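A closer look at the structure
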Amino acid sequence: METLKLMMDGQPVAVEQATIPVMDHGFLFGDCIYEVLRSRNGQPFLWATHLKRLHYSASQIDLELPCSDDVLRAEFQTMIDAFEGQDLQMRFIVTRGVGPLSHEPGQCIKPCRILIARPLTKPSGHQYAKGVALYREEATNPMEKGHIKSGNVKMVLALHRAQQLGFYEAIRLNPQGKIAECATSNLFWFDAAGVLHTPSVEAGILKGVTRELVLYLAVQAGFPLQEGLYTWSDLQQASEVFITSTSRGILPVSRIGNQIYAVGSNTQTLMDRLERAPDIELDF
Ligand SMILES: Cc1ncc(COP(=O)(O)O)c(C=O)c1O
């Protein structure tokens, strides 16, 4: 079995013994938020920015986080130390907590926090070198409510459909037909003039922490940037395409449907910069 470690409400619990009460609204109604972080060199990477997004997500659903930032930071460190400093992927979930059988969260007693960690697994060297294939998701349902990082079964389904068809990830359009993002990652592309494009927050995306770092690194590298509302034909003009997420960093795309894209030098420049990126606090 995968090497996983887990903490609930700050206490280590064996994975097989960790349980959520069925009356927890996280289970009953998907009333929960989460963050996915990675560690690098024994520290949570981009901690300050992930923390900002966690607070943002909590505020958007009127959820009071059940512990202070300092306590949370200490819990992440306990986890990193338990894995003796190896690079980890860590999922931190806050559920609404136990309450009556009603969507209304007002009577839920106390949010529950869960931290799950495992050694960081990344795509293969071949996938980084040659790129992955994306599928255009036909349904047009964007992030339900702005860019809250919350449970979302539509993303699960989109990824599932793409993988059943032999693709790595699914590109999702919003109801206006504009490109949003992928099921578990943000989407970028370079045009032939070397301008870097990515859908803006208004397209209905999750504001990925890696997305923010890549935008910062692109400015540093001198690439012109454009965020906007894009159609499918805008994407078809791309010369290089890639996706981003915390655990994968930048992953090049070699194909969307039947259209082939080169894994080009601009993407490689950003991949190299991301590899060496300092741990900075980004705007969120
Ligand atoms: C829908 C969606 N978009 C984008 C991302 C990338 O976000 P981040 O860079 O913060 O991992 C994720 C990651 O889980 C996601 O689920």
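The structure contained in this document is the topic of the report that follows. (Residues numbered from 1 in each chain as written. Predicted model: local features only at pLDDT ≥ 70, side-chain atom pairs only at ≥ 80, totals over all residues.)

What the protein contains, in helices and strands, is eight helices and 15 strands. Computed over the C-alpha atoms, the radius of gyration of the protein is 19 Å, within 12% of the 19 Å expected from 2.2 N^0.38 for a compact globule of 284 residues. C-alpha extents for the protein along the principal axes are approximately 55 × 40 × 35 Å. Every one of the 284 residues in the protein was classed for burial, and the buried ones make up 39%. Taking all contacts inside the protein whose residues are at least 6 apart in sequence as the whole, residues at least 24 apart take part in 71%. (Helix = DSSP H or I, 4+ residues; strand = E, 2+ residues; numbered from the N terminus. Rg over C-alpha atoms; globule rule 2.2 N^0.38 Å. Buried ≥ 20, exposed ≤ 12 C-beta atoms within 10 Å, placed from the backbone. Contact = placed C-beta atoms within 7 Å.)

As a rule of thumb, nonpolar side chains are buried together in soluble globular proteins. Core analysis: the largest hydrophobic core is formed by 42 residues, its most contacted members being Leu134, Ala170, Ile179 and Val253. Listing elements by their share of this core, those giving two or more residues are strand S7 (132-136), helix H5 (153-164), strand S8 (169-173), strand S9 (179-182), strand S10 (186-190), helix H6 (209-221), strand S13 (240-245) and strand S14 (249-256). Examining the composition of this core, we find that five residues originate from one element, H6, more than from any other. Those residues in contact with Ala170 that lie beyond four places of it in its chain are Leu134, Tyr135, Glu137, Ala158, Leu159, Arg161, Ala162, Cys182 and Ala183. Membership of the second largest hydrophobic core comes to 17 residues, among which are Cys32, Met79, Met90 and Leu115. (Core = buried A, V, L, I, M, F, W, Y, C linked by C-beta atoms within 7 Å.)

What follows concerns the sheet that holds strand S4 (residues 43-44). Read across the open sheet, the six strands follow the order S2-S1-S6-S5-S3-S4; overall the sheet is antiparallel. Strands with a single pairing partner mark the edges of an open sheet, and in this sheet they are strand S2 (11-13) and S4. Judged from the two bridges that link them, strand S3 (residues 32-40) and S4 form a sheet pairing that is antiparallel. Bridged to Arg40 within S4 is Gln43. (Pairing = 2+ DSSP bridges.)

From the geometry alone we can't say anything about function, so treat these as descriptive.
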